[in-house]
Amino acid sequence: MSAEAIAVGTGIRTPRIKAFAEDGAMGPVRPTEEELTALAAMLSMRTADVLVAAYATGPSRVGATS
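Residues numbered from 1 in each chain as written. Predicted model: local features only at pLDDT ≥ 70, side-chain atom pairs only at ≥ 80, totals over all residues. Heavy atoms only, no water.

Q: Looking at this model, I keep getting lost on the overall build of the chain. Mind explaining?
A: Within the chain one finds four helices and zero strands. In sequence order, the chain lays out its α and β elements as α-α-α-α. With 66 residues in all, the chain has 30% of them scored as buried. Nonlocal contacts in the chain, meaning residues at least 24 apart in sequence, comprise 40% of its contacts between residues at least 6 apart. With the model as given, the accessible surface of the chain reaches about 4,400 Å², and the carbon-plus-sulfur share is 58%. (Helix = DSSP H or I, 4+ residues; strand = E, 2+ residues; numbered from the N terminus. Buried < 20%, exposed > 50% of the residue type's maximum accessible area, 1.4 Å probe, protein only. Contact = heavy atoms within 4.5 Å. Areas by Shrake-Rupley, 256 points an atom, 1.4 Å probe, with all protein chains shown as cover.)

Have a look at this one:
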């Protein structure tokens, strides 16, 4: 699903969607609770699962090993 499609479905601006996808929840552009709720509804996920996924992405996690 493209950032544009998510933006249309949630009402969140496309640049914010792209920032969330690239930087995760801890990036310079942080999602609001309302945005996370809208993303969860759009993706048919629980809001808590979206939040966990958002914190698990971003530059600090790229290339990280467990």
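Q: What's the story with unusual backbone geometry in this structure? I'm lost.
A: Trans is the common state for peptide bonds, and a negative phi is the common state for residues other than glycine. Although it is not a glycine, Ser 44 adopts a positive phi angle of roughly 55°. With respect to the secondary-structure elements, Ser 44 resides in the loop between helix H3 (33–42) and helix H4 (47–55).

Q: Can you help me understand the pattern of salt bridges in this one?
A: Proximity of charged atoms lets side chains of opposite charge pair with each other. Across all of its chains, the model carries three salt bridges by this definition. One salt bridge connects Glu 4 with Lys 18, and the closest N-O pair in it is separated by 3.6 Å. Pair noted here: Glu 4 is in helix H1 (residues 3–10) and Lys 18 is in helix H2 (residues 14–23), with a separation of 14 residues, a long-range link. Residue classification places Glu 4 among the partly exposed positions, given a relative accessible area of 41%. Asp 49 is the partner of Arg 46 in a salt bridge, and the nearest nitrogen-oxygen pair spans 3.0 Å. Accessibility expressed as a relative area gives 55% for Arg 46, which makes it exposed. (Salt bridge = Lys/Arg side-chain N within 4 Å of Asp/Glu carboxyl O.)

Q: When you look at the packing of H3 against H4 in this model, what are you seeing that I'm missing?
A: For any two helices packed against each other, one specifies the crossing angle of their axes together with the interaxial distance. Interhelical geometry of H3 versus H4 gives an angle of 105° and a closest axis separation of 8 Å. Relative to H4, the element H3 lies roughly perpendicular. Across the interface between the two elements, Leu 36, Thr 37, Leu 39 and Ala 40 of H3 pack against Thr 47, Val 50 and Leu 51 of H4. For the contact of H3 with H4, the residue count by class is five nonpolar, two polar and no charged. (Axes fitted to C-alpha atoms, helices over the stretch in contact; angles between N-to-C directions. Parallel < 35°, antiparallel > 145°, perpendicular 65-115°, else oblique. Nonpolar A, V, L, I, M, F, W, Y, C, P; charged D, E, K, R; others polar.)

All quantities given are derived from atomic positions and should not be read as evidence of function.
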